Amino acid sequence: MDIELEKFFERDDEAFYINENGARKFRGVHRYYNDIVRNEKADEQAELFPVSFSKVFSCVNEFLERIRFDNGYKKKIVRCEYIELDNIQQVVLDNGIIAKDCNWGSCEYDKKQKKYTDWDAKYNVICDRFQLKQPYDIVWLKFTTKGHLGVVAKGFDINYDYTNSSGVLINQVDENWDTTIVLIFPLTSEILGNHTSGDIELAIGKYLISKKVPIIDYYSHNN
């Protein structure tokens, strides 16, 4: 891998703590054991001026092209098309989808089978259109009504919940989810290469941070 790309695939040590048994654990947001690192980071990020979703979209597209190039695909993806989600023609630009006014249904996970058993049909539409290996091979970004990027996440559980980690932090900084838009980046085989979707999620989050994009749930992509 290009040495310049490698740094984006390295997890941030600050996102983790060492418990009493010496195990490395991802930090939470509920202030257990007086651990408030993610909470304090959210407050800090909320004070920064937000970067427009169009700029964020452009940055991610730019970064995914760097990854594709490193994976051996030298011809840039240039795409301006539409994909129908919730009976709305959504814009597809290069490697991403600007999905507006969609209603994202919840998914179901079977703990015994250790797999998802049900999810919103829109993920299948995206999977078929981009010929993904799995319908959960996507990275998605959602914003607040003040314009802040709230979280960089993966998988097919797009939601606007306030009880999960990112929702708790959004509520903490007195902001609300913008339910009208989500940026979706299908992880094609050209993008994934030998990486997992979690690797790409991590790299995108770190790349946006390197571009001075504030993220309220600053460490979430390290999980």
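Scroll up to find the structure this text is about.
Basis of the calculations
Residues numbered from 1 in each chain as written. Predicted model: local features only at pLDDT ≥ 70, side-chain atom pairs only at ≥ 80, totals over all residues. Heavy atoms only, no water. Pairing = 2+ DSSP bridges. Helix = DSSP H or I, 4+ residues; strand = E, 2+ residues; numbered from the N terminus. Axes fitted to C-alpha atoms, helices over the stretch in contact; angles between N-to-C directions. Contact = heavy atoms within 4.5 Å. Buried < 20%, exposed > 50% of the residue type's maximum accessible area, 1.4 Å probe, protein only.

> Any chance you could explain the sheet that holds strand β5 (residues 96-100) here in plain terms?
Sheet strands pair by backbone hydrogen bonding; their relative direction is either parallel or antiparallel. The strand order across the open sheet formed by six strands is β3-β4-β5-β10-β8-β9, and the pairing between neighbours is antiparallel. Strands with a single pairing partner mark the edges of an open sheet, and in this sheet they are β3 (80-85) and β9 (149-154). Taking each pair of neighbouring strands and ignoring which way they run, the sheet shows an average axis angle of 25 degrees. In the sheet, strand β8 (residues 138-144) pairs with β9 via five bridges, with the strands oriented antiparallel. Bridge pairing in β9 links Val139 to Lys154. Each of β4 (88-93), β5, β8, β9 and β10 (177-186) touches helix α3 (residues 53-70); the most contacted strand, β10, lies at about 15 degrees to it. Together, β3, β4, β5, β8 and β10 form the strand contacts of helix α4 (residues 121-130), whose direction differs from that of β3 by roughly 150 degrees.

> For this particular structure, what's the right way to read unusual backbone geometry?
Most peptide bonds take the trans configuration, and most residues that are not glycine carry a negative phi. For Asp86, which is not glycine, the phi dihedral falls at a positive 55 degrees. Under the relative-accessibility criterion, Asp86 is labelled partly exposed at 32%. You will see that Lys114, though not glycine, has its phi angle at about 55 degrees, which is positive. On the secondary structure map, Lys114 appears in the loop between β6 (108-110) and β7 (115-118).

Any link to function would need more than the numbers given here.
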